[in-house]
Amino acid sequence: MIRIRLGKRKYVGDGGETTRPHAFLVRQLTGWDPTMSEHDVYDAARGWWKLSDRAEREQYAAIVGDGVVRMVVEIDEWATNDERRGFAGTVLQPGHPVRDALVGRDDPVPTTSRNPIAYFRHDLEAGICRCGCGERVPSGDWVQGHDQRALHQLINDEFGGSVSRFLDWYEDAAAARG
Ligand SMILES: [Zn+2]
């Protein structure tokens, strides 16, 4: 699942954002505040974000405003604009188990990172292969072989396909942890 943390509400005009207007997502507001309608929050959450290919394999987006999950969207469609991505989908309503497990609760990824985007795996996503292929798995996280595929995909998406760069990054991160 993707977690998207919205900042303070901001008027951006009719699509007049940092990116060029794109018919896929035209909106007047970004961010979140309690007076925004469901439709405005949905549009504010949809884009345009700097996201890796990984995002397009996620089924749900949990939208966080002021430290609390405000909305969960089941993602149906993606578009790209200026190397940023936006999505469209269905706002889950009360009674949907994924929505009910998250909305009104604290940010599921309470990091201090300034990156509004994070990924997490909710228990309700168990039983489906983690790689995003959508196949069911009777136990564990992966269809056989898909763990390898996911690792290679990560190295392709985030490290330009270089295992050396991935290992360098890992060693730096491990050293920083002490
Ligand atoms: Zn898979």
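Since we're looking at a predicted model, the values are computed, not measured.

**Focus: the packing of aromatic side chains**
Here is step 1 of the chain: Within this structure, the stated rule accounts for 5 aromatic pairs.
Here is step 2 of the chain: Ring geometry for Phe-159 and Phe-166: centres 5.3 Å apart, planes at 75 degrees, overall edge-to-face.
Here is step 3 of the chain: By relative accessible area, Phe-159 is classed as buried at 10%.
Here is step 4 of the chain: You can call Phe-166 buried: its relative accessible area is 16%.
Here is step 5 of the chain: Note on Phe-166 and Trp-169: the rings are 6.3 Å apart at their centroids and 25 degrees apart in plane angle, and the pair reads as stacked. Linking Phe-166 with Trp-169, this pair stays in helix α4 (residues 163-177), spanning 3 residues, or about one helical turn.
Here is step 6 of the chain: Every member of this aromatic cluster is reached through a ring pair, and the members are Phe-159, Phe-166 and Trp-169.
Here is step 7 of the chain: The aromatic ring of Tyr-119 is capped on one face by Arg-54, whose charged end is 4.2 Å from the ring centroid.

**Describing the domain arrangement of the protein chain**
Here is step 1 of the chain: Domain boundaries in the protein chain define domain 1 (2-125) and domain 2 (129-178).
Here is step 2 of the chain: For domain 1 and domain 2, the distance between their C-alpha centres works out to 24 Å.
Here is step 3 of the chain: Every contact between the two is made by 5 residues of domain 1 and, on the other side, 7 residues of domain 2.
Here is step 4 of the chain: Overall, the association of domain 1 and domain 2 removes approximately 550 Å² of surface from exposure, summing both partners, and the carbon and sulfur fraction of that is 37%.
Here is step 5 of the chain: Contact with domain 2 buries surface across domain 1, with Ser-52, Arg-57 and Arg-121 losing the most and accounting together for 81% of the total.
Here is step 6 of the chain: Between the two partners, domain 1 and domain 2, sit 1 salt bridge.
Here is step 7 of the chain: The salt bridge partner of Arg-57 is Asp-157, with a shortest N-O separation of 3.7 Å.
Here is step 8 of the chain: In this structure, the connection of domain 1 to domain 2 is made through 2 residue pairs in polar contact (both at pLDDT 80 or more).
Here is step 9 of the chain: When its residues are assigned to classes, the side of domain 1 that touches domain 2 shows no nonpolar, 1 polar and 4 charged.

Rules used throughout
Residues numbered from 1 in each chain as written. Predicted model: local features only at pLDDT ≥ 70, side-chain atom pairs only at ≥ 80, totals over all residues. Heavy atoms only, no water. Phe/Tyr/Trp six-rings, centres within 6.5 Å; stacked < 30°, edge-to-face > 60°. Buried < 20%, exposed > 50% of the residue type's maximum accessible area, 1.4 Å probe, protein only. Helix = DSSP H or I, 4+ residues; strand = E, 2+ residues; numbered from the N terminus. Lys NZ or Arg CZ within 6 Å of the ring centre and 35° of its normal. Domains from an automatic or database assignment. Contact = heavy atoms within 4.5 Å. Buried area = accessible area lost by both parts, 1.4 Å probe. Salt bridge = Lys/Arg side-chain N within 4 Å of Asp/Glu carboxyl O. Polar contact = N/O pair within 3.5 Å; in protein donor to acceptor, adjacent residues only side chain to side chain. Nonpolar A, V, L, I, M, F, W, Y, C, P; charged D, E, K, R; others polar.

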